[in-house]
Amino acid sequence: YIYFLSSKETKEKFMKNPIKYICQPKPKPTIPIRIAILGPPKSGKTTVAKKISSEYGLKCLSIGDALRYVLNNQPDTELALMLNWHLHKGMTAPDELAIQALELSLMGSVCNTAGVVIDGYPVTKYQVSLLEARSIIPMIMFELDVPSKEIFRRLLLEKKKESSLPYPLHNSSQIIAVKNSRYRKNIGEIRQYYEVQHQNWYVIDGFHSKWWIWNEVIKKVKMVNKYMQIYMERIKAGKAACIDKLCISPEELISRLGEFGQFCPVSLAESYELVDCSSNDSLEFAAEFRGHYYKMSSLEKLNKFLDNPEFYVPPLAPHPLPPTDMIPKRLTLSELKSRFPKCAELQGYCPVTYQDGRQRQVLALIYEALVPGNIHYALEYRDRIYICESREKLQKFLRSPQKYWNQKLPYKLPPLKEPMSLTSLPLPGYLEQGIATALIKAMNAAGCLKPKFPFLSVRRSALLYIALHLKAFNPNSSEYTRKKYKKKMEQFVERCELITYLSAKMTKKYKEPQFRAIDFDHKLQTFLSLRNIDPVNG
């Protein structure tokens, strides 16, 4: 065999001990990686792109580099002639021609063996659609998030280091402001597209130092590269492999779904449950086996599938997916109304609550299990409509419809629970349902305080205190009314405390005014003045 070494030193090492280097494990299969770095002007995207390029031997490519490559290396092609026609007229190159130039640049040997870092592209939704049409999909999209204030601060520092010129440069504050505004206008649509279609968008806080940003970028690149390496190894060995972080679009996922669609094959095989994974857009628990995609409901189910996929797919799968008409379907409110005049089964009672309650075999408890369903949790199964009590009960029915669909209500049903007006109740019932809680709190407060107003009986004092308490803490009253009666209640309590104070300070023998407590005379006059005064409004 012939071996190629990278330098004279490595050649000498190899010649001293060739067996050591020949017998080492073979390197993992490599895939050329495509990385795109986006960000506002002065965010440091070019610095990061060049750093990745120099460290890992990737091609650093901007849209300007791609145009220059075509114009310098292929000047006689139709694409170069069209580009020159636009540039000589002082116009920018159209997006269609720029994408073609980028596609030609990506055909280079470095891009197809090691990979490429695309610097600052795409910047509009239209450019994204052109890239997708030519299947140019970066495996990792980095967005450097830098606030506008920091951008102009960096621009100011940069200008201090340069000599001033009479004409505007590309880094003038006016041009940077236009570029920044345009970027922030379009980046939201681009981010949303890649997050939904490929789940390959990562936001890096560009406000940090370049070393911190570089470390964060490298972490993400290593993570995605690890997923790709494991995927390639397992697929090459004929095993099942996780397809997370591989930029698989929803359309490709649907076109390559296996026999179970988006239902979890592990749950179907082990417990005969129909667990629909279509609501989860993430591919974190999705795997590929024999060219088909399968979605699992949890990490535990995914690991079981990866360990022994043959057991969960045909021909060894214990249970096939039921036909479409035998799979329960959740109904929206509009779909439920469109089924009129078809009626719900079990007279609208929740089939899951009823079935689980029947296990108790006690008539009273079975009646408790007859709970009306909520129309927001309706479903259709075998051309019948069922209404469940809650989301949890709906999920139980969707997973195990065979257990809940064919039930019959008992011959005797409890009376329907119809709403009743509060004012139609007799007085005890009205008090119980209307003010029971507030009244209990007021009576408890009266019991703790034991109010006694001067010159009033204990009974009347307690009743007045309860009345003031109800007014002061009435949740249906306005804030002004509650504050007003809280002040009255505080005044009422203060006057009730006069009796306790005077009884403690007043002695049998007469005391001269200078030997009395400071506020004794004032409180005594207040007490005597309450003889013929309204205790609430006085």
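In every chain, residue numbers begin from 1 and rise along the written sequence. Totals for whole chains, interfaces and linings use all residues, but because this is a predicted model, local features are given only for residues with pLDDT of at least 70 and pairs of side-chain atoms are given and counted only at 80 or more. The basis for the side-chain values is all heavy atoms of the structure; hydrogens and waters are excluded.

## Things to note about the packing of aromatic side chains
Thought 1: Only Phe, Tyr and Trp rings take part, Trp by its six-membered ring, and two of them pair if their centres are within 6.5 Å. Stacked means planes under 30 degrees apart, edge-to-face means over 60, and tilted covers everything else. This structure, assessed with the given rule, holds 15 aromatic pairs.
Thought 2: Taking 6.2 Å as the distance between ring centres and 80° as the angle between the ring planes, the aromatic pair formed by Tyr 381 and Phe 397 counts as edge-to-face. With a gap of 16 residues between them, Tyr 381 in strand β10 (residues 378–381) and Phe 397 in helix α18 (residues 391–399) connect regions that are remote in the sequence. Exposure class is identical for Tyr 381 and Phe 397. Each is buried.
Thought 3: Through a chain of ring-to-ring contacts, three or more aromatic side chains come together here, namely Tyr 381, Tyr 386, Phe 397, Tyr 404 and Trp 405.
Thought 4: We note Lys 51 situated over the ring of Trp 214; from NZ or CZ to the ring centre the distance is 5.4 Å.
Thought 5: Against the face of Tyr 501 rests Lys 523, its NZ or CZ located 4.2 Å from the ring centre. Numbering of helices and strands starts at the N terminus; helices are DSSP runs of H or I of at least 4 residues and strands are runs of E of at least 2. Think of it in three bands: with a 1.4 Å probe and only protein chains considered, a residue is buried below 20% of the maximum accessible area for its type, exposed above 50%, and partly exposed in between. Working rule: Lys NZ or Arg CZ, within 6 Å of ring centre, within 35 degrees of ring normal, means a charge sits over the ring.

## Structural notes on unusual backbone geometry
Thought 1: Of note, the amide linkage connecting Tyr 121 to Pro 122 takes the cis form, showing an omega dihedral of 5°.
Thought 2: Relative to the helices and strands, Pro 122 resides in the loop between β3 (115–119) and α8 (125–133).
Thought 3: Following Phe 340, the chain continues into Pro 341 via a peptide bond in cis, with omega recorded as 10°.
Thought 4: Here Pro 341 lies in the loop between α15 (333–338) and α16 (351–358).
Thought 5: Positive phi outside glycine occurs at Gln 199, with the angle close to 50°.
Thought 6: Overall, the relative accessible area of 24% leaves Gln 199 in the partly exposed class.

## Observations concerning the packing of helix α5 (residues 78–88) against helix α6 (residues 95–105)
Thought 1: Axis lines are fitted through C-alpha atoms, for helices just across the contact stretch, and the angle between N-to-C directions can take any value from 0 to 180 degrees. The interhelical angle for the contact between α5 and α6, taken along N-to-C directions, is 140°, at an axis separation of 11 Å. Relative to α6, α5 is oriented oblique. In the crossing of α5 with α6, the sense of the turn from one axis to the other is left-handed. On α6, the residues that touch Leu 79, Met 82, Leu 83 and His 86 of α5 are Leu 97, Gln 100, Ala 101 and Leu 104. Angle categories are assigned with fixed cut-offs, so that under 35 degrees is roughly parallel, over 145 is roughly antiparallel, 65 to 115 is roughly perpendicular, and the rest are oblique. When the near helix sits turned anticlockwise from the far one by under a right angle, the crossing is termed left-handed; a clockwise turn instead gives a right-handed crossing. In this analysis, two residues are considered to be in contact whenever any of their non-hydrogen atoms come within 4.5 Å of each other.

## Regarding the sheet that holds β3
Thought 1: Each pair of strands is called paired provided DSSP finds at least two bridges between the two strands. With parallel pairing, five strands are arranged side by side in an open sheet as β2-β3-β1-β4-β5. In this open sheet, the two strands that pair with only one neighbour each are β2 (59–62) and β5 (201–205). Mean inter-strand twist for the sheet, computed between neighbouring axes without regard to direction, equals 25°.
Thought 2: Across five bridges, strand β1 (residues 33–38) lies against β3 in parallel orientation. For Ala 36, the partnering residue across the bridge sits in β3 and is Ile 118.

## Digging into the domain arrangement of the protein chain
Thought 1: Each domain's extent was defined by an automatic or database domain assignment. Domain parsing of the protein chain yields domain 1 (33–162 + 169–225), domain 2 (238–321), domain 3 (326–403) and domain 4 (441–530).
Thought 2: Here the C-alpha centroids of domain 1 and domain 4 sit 78 Å apart.

## As for a nonpolar patch on the surface
Thought 1: Judged by side-chain polarity, Leu 422, Leu 427, Tyr 430, Leu 431 and Ile 435 come together as a nonpolar surface patch covering roughly 410 Å² of accessible area.
Thought 2: In this fold, Leu 427 is placed in helix α20 (residues 427–449). Like charges within 9 Å and nonpolar side chains (Val, Leu, Ile, Met, Phe, Trp, Tyr) within 5 Å are joined into patches, using only residues over 30% in relative accessible area that form no salt bridge. Residue-level accessible areas treat just the shown protein chains as cover; the underlying method is Shrake-Rupley with a 1.4 Å probe. Any carboxyl oxygen of Asp or Glu that lies within 4 Å of a side-chain nitrogen of Lys or Arg is treated as forming a salt bridge with it.

## A word on the sheet that holds β10
Thought 1: Strand order in the open sheet formed by three strands is β9-β10-β11, and the pairing between neighbours is antiparallel. Where the open sheet ends on each side, the last strands, each with one partner, are β9 (329–331) and β11 (384–387). The mean inter-strand angle of the sheet, taken between neighbouring strand axes irrespective of direction, is 35°.
Thought 2: Pairing geometry for β9 and β10, over three bridges, is antiparallel. From the neighbouring strand, Arg 330 faces β10, where its bridge partner is Leu 379.

## Side note on the pattern of salt bridges
Thought 1: Inspection of the entire model under this criterion finds 20 salt bridges.
Thought 2: As a salt-bridge pair, Glu 55 and Lys 51 come within 3.5 Å of each other at their nearest N and O atoms. Note that Glu 55 and Lys 51 are positioned in helix α3 (residues 45–56) at a spacing of four residues, about one turn of the helix.
Thought 3: Relative accessible area serves as the criterion here: at 47%, Glu 55 is assigned to the partly exposed category.
Thought 4: Notably, a salt bridge pairs Glu 273 with Arg 399, separated by 3.9 Å at the nearest N-O pair. One end of the pair, Glu 273, is in the loop between α13 (265–271) and β7 (286–289); the other, Arg 399, is in helix α18, and 126 residues separate them in sequence.
Thought 5: The class for Glu 273 is partly exposed, based on a relative accessible area of 24%.
Thought 6: A single network of salt bridges, built from pairs that share partners, joins Arg 339, Lys 342, Glu 380 and Asp 383.

## Considerations on the packing of helix α9 (residues 148–161) against helix α10 (residues 173–197)
Thought 1: Contact pair α9 / α10: the axes reach a minimum separation of 11 Å and the direction vectors enclose 155°. Judged on the interaxial angle alone, α10 and α9 are roughly antiparallel. Taken as a pair, α9 and α10 cross one another with a handedness that is right-handed. Contacts between α9 and α10 involve Ser 148, Ile 151, Phe 152, Leu 155 and Lys 159 from the former and Ser 173, Ile 176, Ala 177, Asn 180 and Arg 184 from the latter.
Thought 2: Each residue receives one of three labels: charged for Asp, Glu, Lys and Arg, nonpolar for Ala, Val, Leu, Ile, Met, Phe, Trp, Tyr, Cys and Pro, and polar for the others, Gly being one of them. In the contact of α9 with α10, the residues fall into five nonpolar, three polar and two charged.

## Quick word on the nonpolar core
Thought 1: Nine residue types can take part in a nonpolar core, namely buried Ala, Val, Leu, Ile, Met, Phe, Trp, Tyr and Cys, and a core is a set of them joined through side-chain atoms within 4.5 Å. Leu 83, Leu 102, Leu 106, Tyr 121, Leu 131, Tyr 194 and Trp 201 are the most contacted members of the largest nonpolar core, which totals 31 residues.
Thought 2: Excluding residues within four positions of it along the chain, Leu 131 makes contact with Ile 99, Leu 102, Tyr 121, Pro 122, Ile 136 and Tyr 194.
Thought 3: Judged by nonpolar contacts, the second largest core, of 23 residues, contains Ala 240, Cys 242, Val 275 and Phe 289.

## Remarks on the pairing of β11
Thought 1: By the bridge criterion, four bridges tie β10 to β11 in an arrangement that is antiparallel. Bridged to Ala 378 within β11 is Ile 387.
Thought 2: Between the antiparallel neighbours β10 and β11 lie two residues, among them Arg 382 with a positive phi of about 55°.

## Quick word on the side chain of His 469
Thought 1: Inspection of the secondary structure puts His 469 in helix α21 (residues 458–472).
Thought 2: For His 469, a relative accessible area of 10% corresponds to the buried category.
Thought 3: Setting aside residues up to four positions removed in sequence, His 469 forms contacts with Lys 441, Ala 442, Ala 445 and Met 489.

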